[in-house]
Amino acid sequence: MKKVISLALAGMTAAALPLSAQSTERPTLMDLFSGDTLANAIAQVLAGVTRPLADVRYDHVTGDFIAGDMAVIGLSVSPDLPYSQGTDCTITAERLRIGSSALDMIDVGRLRLSFDGVVVDFDCLPPDVRPPFGLAQIEDIYIDRLQIEVEFISSSGGGTLSMVADVRDVASIQFNADVDYISYRMPMGGGPDHIFDPDTGQIVEADRPARSEPPVVYLNSATLLIEERGAWDKAQRLLPPDMQTSDALSTAVSEMLSEVFRSNNGFENRDLSAEQTTFVEQASQVVATIPDGGRSIAIEVTSEDVPIVINRKTVDDFKVLFAALSPNVLDKPRSQTAVLSTQMLQAALNRPRDLADEDRLIVGRALLTGRGAPRNIAAGRRLLEPLAASDVQAADALAAALSLSDPEAAYGHALVAATGNLPGSLGRLEALEDRLDLSRVLDLQQDISGFEPDDPGDIPATVADLRSVALAAQIGTRQPRDYRQAYFWAALAAAAGDRSGADIRDDIDVGLRLQGDYQTWAPIAEEIEAQVLEIWLDRDLPAQFR
């Protein structure tokens, strides 16, 4: 039996490995757990599951599970469609990449599907769709890039959704949504119930169906961008000459959208709302630019009063939902109109002292993130570091940008950013602290706070004040975090008989000991305790707190 199992394992390993890897050397057990071998095993399982629905073939599979990446090379899929004959419909992709979060990003869930070099056979189109495609001289559909990415942040309940489709000689389509929070509600109200039967006039038992609840979404922004890359040339082959003018297109779009809104508003509420009327007017104006060279249409959902709450109250009434979203139609998204001018960028790089602090912050953020200007972290760092000591926005931008490449510098900036209570700033501070040695953490904290236990300055007047400053220094949202300072004030509060002060002191002491950093912390704590005793006696604090 053991021999059969060994032969089976060896056969599985050989089947999963590429031919070039099937050498004459005897495979080891660890070969079963290499990235490429596991990726091939997963591909085999997925192909086996999907083959009842479609013929699936591929040439090669590679994988790096530490980085959360898997690639399928030479993918071919022939779905079993009701209107296709055999393998008439075939969809191929030069490469499919499946990405997820790297193993060290435990708070972020990410799924990315990227298809490169996709070709969709003309025969894959439904029969009623083929005639206009044929008249437009579109045969097979070539998609240079199709990418879908979903990211979910466990701690905040928010995330992003993005999609990109570059259809060759037709159009480029991009969609991005930023969600502050999303929650699914369980079905409510199902089960047995007693209801009134109007036919018999009696109360009868009946099962009340469960009421499904739509997800609750707190939306920050959403953008749909369509860039024309040959679609208008193909559309002209379908439209009569009198429909190719700006006025004709504007009128047609206005009538079509108005009818769509009336239909969704309901029979009793067909009139367009103010938001819907504005949307129709904006869309008509943007579409009218296409014959004269307009090449993009953007639909944006943004609001100064974010997040936009979408729940049952908004979903059940189309007008209410549309008013909440208040989408705008533009010729290009605001993210493109926010691109920094050459003059402003050059001034920031060559004469940064001539810029106001708010302009330095704008340019610095753009350079750190790559949004609005080419990403250049070194240049963004030079712009923002002079501001970061007192500007929480600049400090937060630097902490986010440097968290992977320079965690020590990022931690210093995170100490400042957390005092502004910015979204995610305290969580970033904790994550960076976990990556650094305690000695560096304590040194960076002292560099920012400037606190010296042998010269603490004025002593707070009451025990409650001692406890308050100790807690502030421990948490780091009202003032920069500093464990030395928190321990000092907490020890004084405890000496004055405050139980909560003693808890803060012990929390710091025990927490650092359990993290395995007690050898670093113990002599520091001993020194602080000596200084606390000295201050206690020199300033006659027993008389103050008695």
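For the structure, see preceding data.
Residues numbered from 1 in each chain as written. Predicted model: local features only at pLDDT ≥ 70, side-chain atom pairs only at ≥ 80, totals over all residues. Heavy atoms only, no water.

Undergrad: Hey, could you go over the state of the cysteines for me, with residue numbers and the actual values?
TA: In this structure the tally under the stated criterion is one disulfide. Bridging cysteine 89 to cysteine 124, the disulfide has an S-S length of 1.9 Å. Taking the sign of the S-S torsion, 100 degrees for the link of cysteine 89 and cysteine 124, the bridge is right-handed. Here cysteine 89, found in the loop between strand S3 (69-79) and strand S4 (91-100), pairs with cysteine 124, found in the loop between strand S5 (108-120) and helix H3 (130-135); they are 35 residues apart in sequence, far enough to count as distant. Each member of the pair, cysteine 89 as well as cysteine 124, is classed as buried. (Disulfide = S-S within 2.5 Å. Helix = DSSP H or I, 4+ residues; strand = E, 2+ residues; numbered from the N terminus. Buried < 20%, exposed > 50% of the residue type's maximum accessible area, 1.4 Å probe, protein only.)

Undergrad: Mind laying out helix H16 (residues 438-449), listing which residues take part and the relevant values?
TA: With 12 residues, H16 ought to run about 16 Å at 1.5 Å a step, and its terminal C-alpha atoms sit 16 Å apart, in line with that. Among the residues of H16, those classed as buried are Leu438, Val441, Leu442, Leu444, Gln445 and Gln446. Looking at the buried side of H16, the elements it contacts are helix H14 (407-417), helix H15 (425-435), helix H18 (483-495), helix H19 (499-514) and helix H20 (518-538). Where H16 ends, the next residue or the one after it, glycine 450, has phi of about 75 degrees, a positive value. (Expected span 1.5 Å × (residues − 1). Contact = heavy atoms within 4.5 Å.)

Undergrad: Give a detailed account of the packing of aromatic side chains, specifying residues and quantitative values.
TA: Taken as a whole, this structure holds 11 aromatic pairs when the rule is applied. Here the aromatic rings of phenylalanine 261 and phenylalanine 279 are separated by 5.9 Å at their centres, their planes lie at 75 degrees, and the arrangement is edge-to-face. Of this pair, phenylalanine 261 sits in helix H5 (residues 246-265) while phenylalanine 279 sits in helix H6 (residues 274-287), and the two are 18 residues apart along the sequence. You can call phenylalanine 279 buried: its relative accessible area is 8%. Pairing phenylalanine 451 with tryptophan 489 gives two aromatic rings, centres 5.9 Å apart and planes at 55 degrees, and the pair type is tilted. Of the two residues, phenylalanine 451 sits in the loop between H16 and helix H17 (463-475) while tryptophan 489 sits in helix H18, which places them 38 residues apart along the sequence. Joined through ring pairs, the aromatic side chains of Phe261, Phe279, Phe318 and Phe322 make up one cluster. (Phe/Tyr/Trp six-rings, centres within 6.5 Å; stacked < 30°, edge-to-face > 60°.)

Undergrad: Outline the pattern of salt bridges, supporting the account with residue identities and numerical values.
TA: Pairs can form between side chains of opposite charge once their charged atoms are near each other. Applying the stated rule across the entire model yields 20 salt bridges. The salt bridge involving aspartate 354 is made with arginine 351; its shortest N-O contact spans 3.5 Å. The class for arginine 351 is partly exposed, based on a relative accessible area of 44%. Note that glutamate 430 is salt-bridged to arginine 481, the shortest N-O span being 2.8 Å. One end of the pair, glutamate 430, is in helix H15; the other, arginine 481, is in the loop between H17 and H18, and 51 residues separate them in sequence. Within this structure, Arg110, Arg112, Glu149 and Glu151 form a network of salt bridges that share partners. (Salt bridge = Lys/Arg side-chain N within 4 Å of Asp/Glu carboxyl O.)

Undergrad: Before we move on, could you go through unusual backbone geometry and cite the residues and values that matter?
TA: Unusually for a residue other than glycine, aspartate 169 sits at a positive phi of about 60 degrees. As for its placement among the helices and strands, aspartate 169 is situated in the loop between strand S7 (158-167) and strand S8 (171-183). Relative accessible area serves as the criterion here: at 48%, aspartate 169 is assigned to the partly exposed category. A positive phi angle, near 55 degrees, is found at asparagine 421, a position not held by glycine. Among the secondary structure elements, asparagine 421 is positioned in the loop between H14 and H15.

Undergrad: Can you lay out the pairing of strand S2 (residues 60-64) for me, pointing to particular residues and giving the numbers?
TA: Alternating positions in S2 separate cleanly, Val61 and Gly63 being buried on one face and His60, Thr62 and Asp64 remaining unburied on the opposite face. Summarising the sheet, S2 and S3 pair through five bridges and their orientation is antiparallel. Looking at S3, one finds that glycine 63 is bridged to methionine 70. (Pairing = 2+ DSSP bridges.)

Undergrad: Now, about the nonpolar core: what can you tell me, with residues and values included?
TA: One recurring pattern in soluble globular proteins is that nonpolar side chains are buried together. In terms of nonpolar packing, the biggest core is built from 29 residues, with Ile459, Phe488, Trp489, Leu492, Ile508 and Trp521 touching the most fellow members. Mapped onto this core, the elements with two or more residues apiece are H16, H17, H18, H19, H20 and helix H21 (541-545). If one sorts the elements of this core by residue count, H18 sits on top with nine residues. Those residues within four positions of leucine 492 in sequence are excluded, and the remaining contacts are Ile459, Leu466, Val532, Trp536 and Leu541. (Core = buried A, V, L, I, M, F, W, Y, C linked by side-chain atoms within 4.5 Å.)

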